[in-house]
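Summary of the model geometry
Read off the chains here:
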Amino acid sequence: PCVFLLSPAVTSPCKILKCNSEFWAATSGSHHLGTEEVPEFCTALRAYAHCTRRTARTCRGDLAYHSAVHGIDDLMGQHNCSKDGPTSQPRLRTLPPGDSQERSDSPEICHYEKSFHKHSAAPNYTHCGLFGDPHLRTFTDTFQTCKVQGAWPLIDNNYLNVQVTNTPVLPGSTATATSKLTIIFKSFQECVDQKVYQAEMDELPAAFVDGSKNGGDKHGANSLKITEKVSGQHIEIQAKYIGTTIVVRQVGRYLTFAVRMPEEVVNAVEDRDSQGLYLCLRGCPLNQQIDFQTIRSAQATEGRARRKGSSLPVPPEAFTYETATAKCREKLPVEDLYFQSCVFDLLTTGDVNFMLAAYYAFEDVKMLHSNKDKLHLYERTRDLAPGNVAPSQIPSALWVALLCLSQFWLCLL
């Protein structure tokens with residue numbers, strides 16, 4: 001029982017999602033099988049059962065795992081499958097003409113730009129991203145560094161829900177990163193069935209939880225598609241029926257999220273009062289935000305991160321402020337907030353993968369943001385109203401001097 005108390009960073013995550021995806025990918029189109037192909041289905045079932053046994057130890061408390069085990073037993077009984085026999089994965093099936101995954105003639109309602117805006121101006125697109133320890137760029141181009149440990153909703157509107165789970169990076173640390181991501185695309189008219197995508201640490205599937213790669217059996221199913229860009233590292237989901245593109249990456253052990261979405265979809269909610277914890281729109285609650293400016297000054301002064309109210313354990317690779325700055329400059333030459341977040345994360349975690357997370361987060365902004373003049377964000381000053389941005393032109397040496405001067409005045413008082 002003690003194993004359930006260990007953090008996800010220590011124990012191996014349950015791999016039932018991988019087992020599910022492999023089985024459904026191997027048997028997609030099985031409803032078209034003739035009786036002569038039942039042995040191939042039994043082979044896939046045995047491979048599925050073998051996969052669940054391999055991950056049984058880490059899945060004891062997982063409902064999806066127990067559901068899969070019972071489902072396998074039921075299917076074996078229905079198809080008279082023997083538990084003994086070959087378990088090699090059968091070939092991926094080519095779906096017959098007319099199947100939903102082959103369709104290209106989606107109805108117009110399933111193409112956002114063609115249907116919603118046929119007689120009006122082009123939609124205004126917005127962007128939200130979450131990466132690193134964790135840093136949030138909202139739909140209104142506000143940049144925040146947050147605590148948000150545990151499960152938090154990123155997006156919650158009439159068309160989809162996105163939830164992230166952030167866990168400690170190091171034992172005893174309050175530095176967190178995204179270890180799990182769940183995206184629910186709600187059923188929409190004649191376009192798509194409800195689909196769920198889920199990714200976890202060390203598991204970035206290239207399919208929905210049910211093994212499909214599109215919106216299901218409806219006529220406009222291809223208006224929702226998953227594409228694997230880099231195996232196990234980068235997937236892209238196109239939801240054309242709501243004009244939305246989502247990018248999910250695994251960098252190191254942790255996940256990053258980026259989305260491009262029309263304002264009309266962003267604001268499509270029935271109860272605006274329920275949006276208080278919708279992070280991509282409202283940002284992190286004040287009590288979850290970290291004063292990036294003060295922390296950065298402390299990092300430059302002390303050379304090591306002291307973060308979120310308590311001292312951190314020594315990271316596996318110790319960076320000084322100077323070496324972290326030099327490392328981040330390799331990938332992020334412009335000293336904007338992506339650069340500053342990179343320095344922050346290297347000092348906080350000692351993990352060089354967080355530099356890559358900041359780099360890829362900015363690459364996703366370049367691809368997804370509709371306003372190329374707003375790609376770089378700079379630190380806001382205290383006297384600027386929300387929504388105004390100003391480049392931080394103060395060199396790091398001056399930050400240190402200002403911090404020392406403030407301490408001097410506190411002593412005098």
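This write-up is about the structure you can find in this document. (Residues numbered from 1 in each chain as written. Predicted model: local features only at pLDDT ≥ 70, side-chain atom pairs only at ≥ 80, totals over all residues. Heavy atoms only, no water.)

Description of the pairing of strand 7 (residues 195-200)
Burial analysis of strand 7 places five of its six residues in the buried class, the great majority of the element. Inspection of the sheet shows strand 6 (residues 176-185) paired to strand 7 by six bridges, in the antiparallel sense. When the sheet's bridge partners are listed, lysine 180 is paired in strand 7 with glutamate 200. (Buried < 20%, exposed > 50% of the residue type's maximum accessible area, 1.4 Å probe, protein only. Helix = DSSP H or I, 4+ residues; strand = E, 2+ residues; numbered from the N terminus. Pairing = 2+ DSSP bridges.)

Structural notes on the pattern of salt bridges
According to the stated counting rule, one finds seven salt bridges in the structure shown. Note that lysine 327 and glutamate 330 form a salt bridge whose closest N and O atoms lie 3.6 Å from each other. Placement of the pair is lysine 327 and glutamate 330 together in helix 8 (residues 321-331), with a separation of three residues, close to one helical turn. Since its relative accessible area comes to 54%, glutamate 330 is described here as exposed. A salt bridge links glutamate 335 to arginine 329; the nearest nitrogen and oxygen atoms lie 2.7 Å apart. (Salt bridge = Lys/Arg side-chain N within 4 Å of Asp/Glu carboxyl O.)

Overview of the state of the cysteines
Two cysteines whose sulfur atoms are joined by a covalent bond form what is called a disulfide. Scanning the entire structure with this criterion turns up six disulfides. Residue pairing for cysteine 110: its cysteine sulfur links by disulfide to cysteine 191, the two sulfurs lying 2.0 Å apart. Across the disulfide from cysteine 110 to cysteine 191, rotation about the S-S bond amounts to roughly -95°, and the bridge is consequently left-handed. Taken together, the residues cysteine 110 in the loop between helix 3 (63-78) and helix 4 (112-115) and cysteine 191 in the loop between strand 6 and strand 7 connect sequence positions 81 residues apart. As far as burial versus exposure is concerned, cysteine 110 and cysteine 191 are alike and both buried. Here cysteine 128 pairs with cysteine 280 through a disulfide, and the sulfurs are 2.0 Å apart. Because the sign of the S-S torsion sets the handedness, a value of about -80° for the bond joining cysteine 128 and cysteine 280 places this disulfide among the left-handed ones. (Disulfide = S-S within 2.5 Å.)

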